[in-house]
Amino acid sequence: MKTDQLPLTETIFYLLLVFSEPTYGYLAIKKIEELSMGNVRIAAGTMYGAIENLLKAEMIIQVSPIQERRKIYHITEYGRNILTDEVNRMRHCTQIFEEMGEK
């Protein structure tokens, strides 16, 4: 899929990954830190700005009722397609790197 969404930033990549399961913002911050082995730490302000952008781009949706204090988000089919395309792009880059290293 050719899209202007790629490449994803590291923050957006991890957010789409953790929102593959319904999750709220603070838990997503913790999951990202855990998945990245502490290499990626997202501040609350960055998190909620990124969530707004993902909602506008229709890559995630809010699945909790609007009036709920804790807002829960989940990836959309479009978001999952973008995430898959990014993984394939990175896999291709890694493959080229490995092939170049063998020469």
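Scroll up to find the structure.
Everything quoted here is computed from the prediction, not taken from an experiment.

J.: Please clarify how the overall build of the protein should be interpreted in this entry.
T.: In terms of regular secondary structure, the protein is built from four helices and three strands. The dimensions of the protein, computed from C-alpha atoms along their principal axes, are 60 × 30 × 20 Å. Buried positions account for 31% of the 103 residues belonging to the protein. Here the analysis covers contacts within the protein between residues at least 6 apart in sequence; of these, 50% occur between residues at least 24 apart. If you sum the accessible surface of the protein, you get close to 7,000 Å²; carbon and sulfur atoms cover 54% of it. Of the charged side chains in the protein, 12 are positive and 14 negative; the average position of the first set lies 6 Å away from that of the second.

J.: Looking at this structure, I do not really get helix H3 (residues 44–56). What am I missing?
T.: Each α-helix turn comprises 3.6 residues. Residues three or four places apart therefore point the same way. Along its 13 residues, H3 runs 18 Å from first to last C-alpha, staying within 8% of the 18 Å computed at 1.5 Å per residue. Where H3 is buried, its residues touch helix H1 (10–18), helix H2 (25–35), strand E2 (60–62) and strand E3 (72–75).

J.: Sorry if this is basic, but what is going on with the packing of aromatic side chains here?
T.: How two aromatic rings sit relative to each other is given by the distance of their centres and the angle of their planes. Taken as a whole, this structure holds two aromatic pairs when the rule is applied. A centroid spacing of 5.6 Å and a plane angle of 80° characterise the contact between Phe 13 and Tyr 14, whose relative ring orientation is edge-to-face. A relative accessible area of 17% means that Phe 13 is categorised as buried. Its guanidinium or amino end placed over the ring of Tyr 24, Arg 70 lies 4.0 Å from that ring's centre, counting from NZ or CZ.

J.: Teacher, can you tell me more about the sheet that holds E3 here?
T.: Sheet strands associate in pairs through backbone hydrogen bonding, adopting either a parallel or an antiparallel arrangement. Here we have three strands laid out as an open sheet, ordered E1-E3-E2, and antiparallel in their pairing. The sheet terminates laterally at strand E1 (23–24) and E2, the two strands that pair on one side only. As defined by bridge partners, E1 adjoins E3 across two bridges and the pair is classed as antiparallel. Residue pairing across strands places Tyr 24 opposite Ile 72, the latter belonging to E3.

J.: For this particular structure, what's the right way to read the pattern of salt bridges?
T.: Pairing between side chains of opposite charge can happen when the charged atoms of each approach one another. Evaluated as defined, the whole model comprises three salt bridges. For Lys 31, the salt bridge identified is with Glu 21, shortest N-O distance 3.7 Å. One end of the pair, Lys 31, is in helix H2; the other, Glu 21, is in the loop between H1 and E1, and 10 residues separate them in sequence. Take Lys 31: its relative accessible area is 24%, and that puts it in the partly exposed class. In this structure, Glu 33 and Arg 41 form a salt bridge, with 3.1 Å as the shortest nitrogen-oxygen distance. Classification of Glu 33 as partly exposed rests on a relative accessible area of 23%. With a relative accessible area of 62%, Arg 41 lands in the exposed category.

Cut-offs and rules
Counting restarts for each chain: residues are numbered from 1 in the order of the written sequence. Where totals are concerned, whole chains, interfaces and linings use all residues; where local detail is concerned, this predicted model gives features only for residues with pLDDT of at least 70, and gives and counts side-chain atom pairs only at 80 or more. To obtain the side-chain values, all non-hydrogen atoms of the structure were used and water was disregarded. Only DSSP runs of H or I with at least four residues qualify as helices, and only runs of E with at least two residues qualify as strands; both kinds are numbered from the N terminus onward. Think of it in three bands: with a 1.4 Å probe and only protein chains considered, a residue is buried below 20% of the maximum accessible area for its type, exposed above 50%, and partly exposed in between. By the convention used here, residues are in contact when the closest approach between their heavy atoms is within 4.5 Å. Using the Shrake-Rupley algorithm and a 1.4 Å probe, accessible areas are obtained, with residue cover drawn only from the displayed protein chains. Residues counted as positive are Lys and Arg, residues counted as negative are Asp and Glu, and His and the chain ends are not counted. Charged groups are reduced to one reference atom each: NZ for lysine, CZ for arginine, CG for aspartic acid, CD for glutamic acid. Given a helix with a known number of residues, its expected span is that number minus one, times 1.5 Å. Note on aromatic pairs: the rings of Phe, Tyr and Trp (six-membered ring only in Trp) are paired at centre separations within 6.5 Å, and the planes decide the class, stacked below 30 degrees, edge-to-face beyond 60, tilted for the rest. Definition used: whenever NZ (Lys) or CZ (Arg) falls within 6 Å of the ring centre and also within 35 degrees of the ring normal, the charge is taken to sit over that ring. At least two bridges found by DSSP between two strands is the condition for calling them paired. Definition used for salt bridges: Asp or Glu carboxyl oxygen within 4 Å of a side-chain nitrogen of Lys or Arg.

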